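# A closer look at the structure
One letter stands for each residue in the lines below.
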Amino acid sequence: MAGPPKKRQKREETQQEGQLPQKKYFRQRAHANPFSDHALTYPVSPASMDWSQHYPAYASKGNNTAIPDVEEAGATQRVPKMSKKVEVADIGCGFGGLLFALAPKLPDTLLLGMEIRTSVTEYVQTKVKALRTQNAETQPMAYQNVACLRANTMKFLPNFFEKAQLSKIFLCFPDPHFKARKHKARIVSLTLNSEYAYVLRPGGIVYTITDVEDLHNWMVEHLAAHPSFERVPEAEQESDECVAVMRKETEEGKKVTRNNGNKYVALFRRKENPDWP
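Residues numbered from 1 in each chain as written. Predicted model: local features only at pLDDT ≥ 70, side-chain atom pairs only at ≥ 80, totals over all residues. Heavy atoms only, no water.

Taking an unreviewed UniProt entry as the reference, the protein chain is identified by name as tRNA (guanine-N(7)-)-methyltransferase belonging to Neodothiora populina. Taken directly from UniProt, the Subunit (unreviewed entry) text for the protein chain runs: "Forms a complex with TRM82." The Subcellular location (unreviewed entry) field of the UniProt record for the protein chain holds the comment "Nucleus". (UniProt positions renumbered as here; feature names shortened; annotations may be inferred.)

Shown next as structure tokens:
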């Protein structure tokens, strides 16, 4: 007797144009090993990234730019120019709850979710397309500013973003990697903090939230120790509308709320002129 259809087959059979996807067909393990050799596609440099496929409403039609140092069949490759650049990155975006909540609050800002899990990435991409279709007639620009791609940011973050390009980086409920030997896989570390400092503009903010106090202390300790960052005062933190969204709208955040758990938040600002040791 034949077994139950695979999730991909089932969702292809049930998914209709403009219909929101169902999470049950896109479920995957909670975390993925960032050190594994995942089959990933990434640009050789930020200048070679074709953002038009993710934000078509912001692509300048018929206005292309050459990709430096890349040639194909004897001719220089070209990508469409964009009227805006990505400014907000949600690293490990999961099912995109934060992205979809922020999209209408930051309508003139391009938001990008970066997720390493294949099925979860596909869910967010499918939902983006559905929301754009549903709003095409009444609000044609609705959700045109949000996109998601599959990426391992621990390895390839600078491949996507120029120096000082981003204004916000979100690290929401990352894998705590409880065992000491796994701490090297935590999303906050001295090396990774330098990459965040590189892609963030002066005054840009790293937003962190977790329900694991030990991980919260780890992130605070490592970001505070980095010469490029200073902690945002709590009063300023609580007045930031993105913090309220971050607490309420992610899937993990909602789960913590249902379980009456604690949420630990810390924000760090990119300094203008850090004092390097």
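### Describing the UniProt feature "binding site: S-adenosyl-L-methionine" (unreviewed entry) in the protein chain
Per the UniProt annotation, the sites labelled "binding site: S-adenosyl-L-methionine" (unreviewed entry) are Gly92, Glu115, Ile116, Asn152, Thr153, Cys172, Thr250, Glu251 and Glu252. With respect to the helices and strands, the residue Asn152 is situated in the loop between β5 (146–150) and α4 (153–160). Under the relative-accessibility criterion, Asn152 is labelled buried at 2%. Only 3.2 Å separates the side chain of Asn152 from the backbone nitrogen of Met154, close enough to count as a polar contact. Inspection of the secondary structure puts Glu252 in helix α9 (residues 251–258). (Helix = DSSP H or I, 4+ residues; strand = E, 2+ residues; numbered from the N terminus. Buried < 20%, exposed > 50% of the residue type's maximum accessible area, 1.4 Å probe, protein only. Polar contact = N/O pair within 3.5 Å; in protein donor to acceptor, adjacent residues only side chain to side chain.)

### A few points about the UniProt feature "active site" (unreviewed entry) in the protein chain
The positions UniProt marks with the feature "active site" (unreviewed entry) are Asp175. Assignment of secondary structure puts Asp175 in the loop between β6 (166–172) and α5 (190–199).

### Structural notes on the pattern of salt bridges
Inspection of every chain in the model, using the stated rule, returns eight salt bridges. In this structure, Glu115 engages Arg117 in a salt bridge whose closest nitrogen and oxygen atoms are separated by 2.8 Å. Grouping residues by exposure puts Glu115 and Arg117 together as buried. One salt-bridge network, in which partners are shared between bridges, spans Glu230, Glu236 and Arg269. (Salt bridge = Lys/Arg side-chain N within 4 Å of Asp/Glu carboxyl O.)

### Overview of the sheet that holds strand β3 (residues 86–91)
Pairing within the open sheet is mixed, and its seven strands lie in the order β5-β4-β3-β6-β7-β9-β8. The sheet terminates laterally at β5 and β8 (229–231), the two strands that pair on one side only. This sheet shows a mean twist of 20° between the axes of neighbouring strands, independent of strand direction. For β8 and strand β9 (residues 264–270), the ladder comprises three bridges, and the chain directions are antiparallel. Paired with Phe229 across the two strands is Arg270, which belongs to β9. Against the sheet, helix α8 (residues 241–249) makes contact with β6, β7 (200–210) and β9, and its axis sits at roughly 30° relative to β7, the strand it touches most. (Pairing = 2+ DSSP bridges. Axes fitted to C-alpha atoms, helices over the stretch in contact; angles between N-to-C directions. Contact = heavy atoms within 4.5 Å.)

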